[in-house]
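Residue-level structural notes
What follows is the residue order along each chain.
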Amino acid sequence: MAMAMRLSAIARAATEMAAAPVGLRRLFCSNATNFSFLSPQANSETPARPQADPSTNLFVSGLSKRTTSEGLRTAFAQFGEVADAKVVTDRVSGYSKGFGFVRYATLEDSAKGIAGMDGKFLDGWVIFAEYARPREPYRPQNNMPPSPYGNRY
DNA sequence: ACTGAGCGG
């Protein structure tokens, strides 16, 4: 019965993990976050699943701050055709924010990119690759006129 | 400048 209590504690912990926000699930990698076999109702009960729908665009987090867009592209290009790769940097300091985006040419490639890179090491850090959520709609922060240096939209 | 969760300009 002590055993039964231990097992239920484990099941409870696993259930909490499955319902935990992305930040906590990051302790593992996104490949190992499906614990629905321990909480069958979690599927219909989970309000908004944190995972985004499949996309050619990947959100990559956990990056070393020394990883560049070029390094990101090189790593992910092993698994498919990379159309674009970008490490997000602070605009004033120029330093990496530790995450970035990789856009593949096809959905097949982006799936292979996740399988190949999620939970792997890059420049000494375990990185996480997942489908990116749809990009934020563009809106100028102030009421500044459009920049002459190139608005891409 | 360090920052270790996060979804970009």
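Residues numbered from 1 in each chain as written. Chains lettered and ligands numbered in written order. Predicted model: local features only at pLDDT ≥ 70, side-chain atom pairs only at ≥ 80, totals over all residues. Heavy atoms only, no water.

Going by what an unreviewed UniProt entry lists, chain A is known as RRM domain-containing protein and is assigned to Brassica napus.

This part covers the overall build of chain A. Scanning chain A from N- to C-terminus turns up five helices and six strands. Along its sequence from the N terminus, chain A presents helices and strands in the succession α-α-α-β-α-β-β-α-β-β-β. When the 153 residues of chain A are sorted by exposure, 30% land in the buried category. Only carbon and sulfur atoms are counted for the fraction: they give 58% of the accessible area of chain A, which is about 11000 Å². (Helix = DSSP H or I, 4+ residues; strand = E, 2+ residues; numbered from the N terminus. Buried < 20%, exposed > 50% of the residue type's maximum accessible area, 1.4 Å probe, protein only. Areas by Shrake-Rupley, 256 points an atom, 1.4 Å probe, with all protein chains shown as cover.)

Looking now at the nonpolar core. Grouped burial of nonpolar side chains is what soluble globular proteins tend to show. Membership of the largest hydrophobic core comes to 16 residues, with the highest contact counts inside it found for L58, V60, L63, L72, F76, V102 and I127. Among the elements of the structure, β1 (57–61), α4 (69–76), β2 (82–89), β3 (96–104) and α5 (107–117) are those that each provide at least two residues to this core. Excluding residues within four positions of it along the chain, L58 makes contact with F76, G100, F101, V102, Y104, S110, G113, I114, E130, Y131 and A132. (Core = buried A, V, L, I, M, F, W, Y, C linked by side-chain atoms within 4.5 Å. Contact = heavy atoms within 4.5 Å.)

Glancing now at α4. All buried positions along α4 are accounted for by S69, L72, A75 and F76. The buried residues of α4 all sit within an arc of 130° when viewed along its axis, so they share a single face. Of the exposed residues in α4, those oriented more than 90 degrees away from the buried face are E70 and T74. Structurally, α4 contributes buried residues whose contacts are with β1, β2, β3, α5, β4 (121–122) and β6 (128–131). (Arc of directions from axis to C-beta.)

Moving on, we come to the pairing of β1. Most of β1 sits out of view: four of its five residues are buried. As judged from the five bridges shared by β1 and β3, these two strands associate in the antiparallel manner. Each bridged residue has a counterpart across the sheet, and for F59 the counterpart in β3 is F101. Relative to β6, β1 runs antiparallel, the two sharing four bridges. (Pairing = 2+ DSSP bridges.)

This next bit is on the pairing of β2. Judged from the six bridges that link them, β2 and β3 form a sheet pairing that is antiparallel. Bridge pairing in β3 links T89 to S96. Once β2 ends, the chain turns through six residues before running back antiparallel as β3, passing G94 with a positive phi of about 80°.

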